[in-house]
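Here is what each chain is made of, one letter per residue.
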Number of protein chains: 2
Amino acid sequence: MPAENNPPAIVLVRPQLGENIGAVARAMSNFGFTDLRLVAPKNGWPNPRAVDMAVGAGHIVEAARVFETVPAALRGVARVYATTSRGRDIEKRVISPEQAAQEMCARANVPTALLFGPERTGLENEDIILADALVTIPTSAENPSLNLAQSSVILGYEWCKLTGVDVARPAQEGALASKEEMQGFFDHLEGYLDALDYFRTPEKKTVMWQNLRNIFIRAELNDQEVRTLRGVIRDLYKRRKA
Amino acid sequence: MPAENNPPAIVLVRPQLGENIGAVARAMSNFGFTDLRLVAPKNGWPNPRAVDMAVGAGHIVEAARVFETVPAALRGVARVYATTSRGRDIEKRVISPEQAAQEMCARANVPTALLFGPERTGLENEDIILADALVTIPTSAENPSLNLAQSSVILGYEWCKLTGVDVARPAQEGALASKEEMQGFFDHLEGYLDALDYFRTPEKKTVMWQNLRNIFIRAELNDQEVRTLRGVIRDLYKRRKA
């Protein structure tokens, strides 16, 4: 997990709405980023709307640093990725969020920044020129435009996926029933079905009984579930009030 | 490009804020989804705030269909993925958004739905039980909670990344039973078990019945298998020679 301790800085260039800054801070916190830098926020700073939107990420908003220019915000940074929508005429490598995350993880010790442009217009060429690569998020041609919050979620998510930061684990599973327990259930059910002449003829039985058992094998039952099913078929068969 | 024409339906269960519904619609449009279904939206429907937030996706908001219950919203759907945060005690497969997208692409012709819970509480066990798998988005332990808009962006993004990519197909499968057929089987079985007083008390029934249904949901039954199981329980119950 090379990058775990070195997430990139997030640099918002001339952001307008405090809400969006707060939403970015929240996404940062969701995916393990901490360093927020603002270049010339249009509605001034601090901005109470940013705090409102930064659920669980108030500390990131409070610690945000403000700069007048992009180069000032990038001081000390050695590698810059600029997020853009498709179709820039500057000759730069264009990579996916996934590729960007892979590159950042592979160079975890290189101080890195992710640059996001203003809401309406995106980054200007003067900003883009500073980047080592452009990151474009694949979207539908019908409605390709993502907002700042959405873009930061996706970049954060791809980074988090790779860094191994405390990834969700599958729910605890009960022990799978043993083959013996399964066979006990099958014998039990087969006894009832034979008594009812369910299979009608021995020739039909082979395939029918295979298919029926297969349903329960596929379900990967645990031992409690096997006991439950045995109770169900017994009660059904005996038509007995429990 | 197997899945290009068959994006999953997005089902928002008891969503509260129109803003969030609009943000989800926007994300749907960004990533090529079209079918939005709302279950019992808390602030009523239509909701003008949804339209305001649905930049470029007004048509999705307008075409959204409203249902009273989750099963009603899932009519005609054969495969359900439920988004949850970590730590559910229902025994289900837990997969990543990426895995979910891969599975959806591999079964592009299977009518599929993605289930999202209410903003504060997430999906209830009664909803989750209907799912074939749970989808959990990896997040930082520091601030693991994503909002509806963020979650839908990530699921849409992963799906969009893969469509147009040739994904390996699973072995030939019989048509998965629709959720309606499954419900028919469950109603059938529940009728018998209630008649036998199998569950004993209403308090016990909730969990017992969830666990029992979950066995059959996990088995991913096809429609022939559902008919077989209905025949088995009927014959057992009626103790009738076939």
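Note: the structure precedes this text.
Residues numbered from 1 in each chain as written. Chains lettered and ligands numbered in written order. Predicted model: local features only at pLDDT ≥ 70, side-chain atom pairs only at ≥ 80, totals over all residues. Heavy atoms only, no water.

Asker: Sorry, what's going on with the environment of T139(B) here?
Answerer: All names here are of chain B. With respect to the helices, strands and loops of the structure, T139 is situated in the loop between β7 (133-135) and α7 (148-162). The class of T139 is buried, set by a relative accessible area of 1%. Linking T139 and S85, residues 54 residues apart in sequence, is a C-alpha distance of 9.3 Å. A polar contact of 3.2 Å, which involves the side chain of T139, links it to the backbone oxygen of P144. (Helix = DSSP H or I, 4+ residues; strand = E, 2+ residues; numbered from the N terminus. Buried < 20%, exposed > 50% of the residue type's maximum accessible area, 1.4 Å probe, protein only. Polar contact = N/O pair within 3.5 Å; in protein donor to acceptor, adjacent residues only side chain to side chain.)

Asker: Help me understand the sheet that holds β7(B), please; the structure alone is not making it clear to me.
Answerer: To summarise the sheet geometry, strands pair through backbone hydrogen bonds and adopt either a parallel or an antiparallel arrangement. Residue and element names in this part refer to chain B. With respect to topology, seven strands assemble into an open sheet ordered β3-β2-β1-β6-β4-β7-β5, the strand pairing being parallel. In the strand order of this sheet, the two ends are held by β3 (65-67) and β5 (94-95), each with one partner. Alignment of strand β4 (residues 79-83) against strand β6 (residues 112-116), held across four bridges, turns out to be parallel. Bridging from a neighbouring strand, A82 pairs with L115 of β6. (Pairing = 2+ DSSP bridges.)

Asker: Explanation requested: the interface of chain A and chain B in the structure shown.
Answerer: A common way to report how large an interface is uses the accessible area buried once the components associate. Facing the 68 residues of chain A at the interface are 65 residues of chain B. Here chain A packs against chain B, burying approximately 5,600 Å² in sum over the two surfaces, 56% of which is carbon and sulfur. Three residues, Y157(A), L196(A) and L236(A), lead the burial of chain A against chain B; their summed loss comes to 12% of the area buried on that side. At the surface where chain A touches chain B, the tally comes to four salt bridges. Across the pair K161(A) and E98(B) runs a salt bridge, and its minimum N-O distance is 3.1 Å. On the surface where chain A and chain B come into contact, there are 27 residue pairs in polar contact (both at pLDDT 80 or more). Mapped by element, the contributors of at least two residues to the side of chain A that touches chain B are α1 (18-31), α5 (97-106), α7 (148-163), α8 (179-195), α9 (202-218) and α10 (223-238) of chain A. Partitioning the side of chain A that touches chain B into residue classes produces 35 nonpolar, 16 polar and 17 charged. (Contact = heavy atoms within 4.5 Å. Buried area = accessible area lost by both parts, 1.4 Å probe. Salt bridge = Lys/Arg side-chain N within 4 Å of Asp/Glu carboxyl O. Nonpolar A, V, L, I, M, F, W, Y, C, P; charged D, E, K, R; others polar.)

Asker: Got a minute to help me understand the packing of aromatic side chains in this structure?
Answerer: Both the distance between ring centres and the angle between the ring planes are used here to describe each pair of aromatic rings. In this structure the tally under the stated criterion is 18 aromatic pairs over all chains. Centre to centre, the rings of Y157(A) and Y157(B) are 6.5 Å apart; their planes meet at 85°, and the pair counts as edge-to-face. Separated into two different chains, Y157(A) in helix α7 and Y157(B) in helix α7 make up a pair that spans both. Y157(A) gets classed as buried once you look at its relative accessible area, which sits at 0%. Seen in terms of ring centroids, F31(B) and Y157(B) are 6.3 Å apart; in terms of plane orientation they differ by 70°. Their pairing is edge-to-face. Of the two residues, F31(B) is situated in helix α1 (residues 18-31) and Y157(B) in helix α7; the sequence distance between them amounts to 126 residues. Assigned by exposure class, F31(B) and Y157(B) land together as buried. Chaining the aromatic ring pairs together yields one cluster made of F185(A), F186(A), Y198(A), F199(A), W209(A), F216(A), F185(B), F186(B), Y198(B), F199(B), W209(B) and F216(B). (Phe/Tyr/Trp six-rings, centres within 6.5 Å; stacked < 30°, edge-to-face > 60°.)

Asker: How do you make sense of the environment of A78(B) when you look at a structure like this?
Answerer: All names here are of chain B. Following the sequence through the fold, A78 ends up in the loop between α4 (70-73) and β4. Here the alpha-carbon distance between A78 and A177, two residues 99 residues apart in the chain, equals 6.0 Å. With residues up to four places along the chain from it excluded, the contact list for A78 reads V110, P111, D132, L176, A177, S178 and K179.

Asker: Looking at this structure, I do not really get α1(B). What am I missing?
Answerer: Residues and elements named next belong to chain B. Counted at 1.5 Å a residue, the expected span for α1 with its 14 residues is 20 Å, and the 20 Å between its end C-alpha atoms agrees. Within α1, 13 of the 14 residues are buried, leaving the element largely enclosed by the surrounding structure. At the exit of α1 stands G32, carrying a positive phi of roughly 90°. (Expected span 1.5 Å × (residues − 1).)

Asker: Teacher, can you tell me more about the nonpolar core here?
Answerer: Grouped burial of nonpolar side chains is what soluble globular proteins tend to show. The biggest cluster of nonpolar side chains holds 71 residues, and the ones touching the most others in it are L36(A) and L36(B). It is α7(B) that contributes the most residues to this core, eight residues altogether. What L36(A) contacts, discounting residues up to four positions off in sequence, is I10(A), L12(A), I21(A), A25(A), M28(A), I60(A), A64(A) and R65(A). With 66 residues, the next largest nonpolar core counts I90(B), A113(B), L189(B) and V226(B) among its residues. (Core = buried A, V, L, I, M, F, W, Y, C linked by side-chain atoms within 4.5 Å.)

Asker: Teacher, can you tell me more about the sheet that holds strand β5 (residues 94-95) of chain A here?
Answerer: Residues and elements named next belong to chain A. One open sheet holds the seven strands; their spatial order is β3-β2-β1-β6-β4-β7-β5, and the pairing between them is parallel. Looking at the sheet topology across the chains shown, the edges are occupied by β3 (65-67) and β5. Two strands pair when backbone bridges link them, and strand β4 (residues 79-83) and strand β7 (residues 133-135) are joined in this way by three bridges, in the parallel orientation. Pairing of T83 across the sheet is with V135, part of β7. Each of β1 (9-13), β4, β6 (112-116) and β7 is contacted by α7, which is oriented at about 150° to β6, the strand it contacts most. (Axes fitted to C-alpha atoms, helices over the stretch in contact; angles between N-to-C directions.)

Asker: Can you help me understand empty space enclosed by the protein in this one?
Answerer: Where empty space is left in the structure can be found by rolling a water-sized probe over the atoms. If you walk through the whole model with that rule in mind, you get six cavities of 30 Å³ or more. Looking at the largest cavity, its volume works out to about 120 Å³. F216(A), I233(A), F216(B), L229(B) and I233(B) are, among the 14 residues lining the largest cavity, the residues nearest its centre. Listing elements by their share of the lining of the largest cavity, those giving two or more residues are α8 and α10 of chain A together with α8 (179-195) and α10 (223-238) of chain B. When grouped by side-chain class, the residues that make up the lining of the largest cavity number 14 nonpolar, no polar and no charged. In this structure, the second largest cavity spans a volume of roughly 70 Å³. Around the second largest cavity sit A78(B), D132(B), L176(B), A177(B), K179(B), M182(B), I217(B), E220(B) and L221(B), which together line it. Its residues placed into classes, the lining of the second largest cavity shows six nonpolar, no polar and three charged. (1 Å grid on protein atoms, 1.4 Å probe; cavity = no way out; pocket = protein on both sides within 12 Å on 5 of 7 lines; lining within 4 Å. Points joined across faces, edges and corners; volume = space filled by probe spheres on them.)

Asker: Where do I start with a positive patch on the surface in this structure?
Answerer: A contiguous patch of positive charge, built from R234(A), K238(A), R239(A), R230(B), R234(B), K238(B) and R239(B), is present on the exposed surface. Of all elements in the fold, only α10 of chain A together with α10 of chain B reach the threshold of two or more residues within the positive patch. When residues of the positive patch are assigned to their parent elements, the largest contribution, three residues, is made by α10(B). (Patch = residues over 30% accessible without salt bridge, like charges linked within 9 Å, V, L, I, M, F, W, Y side chains within 5 Å. Areas by Shrake-Rupley, 256 points an atom, 1.4 Å probe, with all protein chains shown as cover. Lys, Arg positive; Asp, Glu negative; His and termini not counted. Charge placed at Lys NZ, Arg CZ, Asp CG, Glu CD.)

These figures come from the coordinates and say nothing about function on their own.
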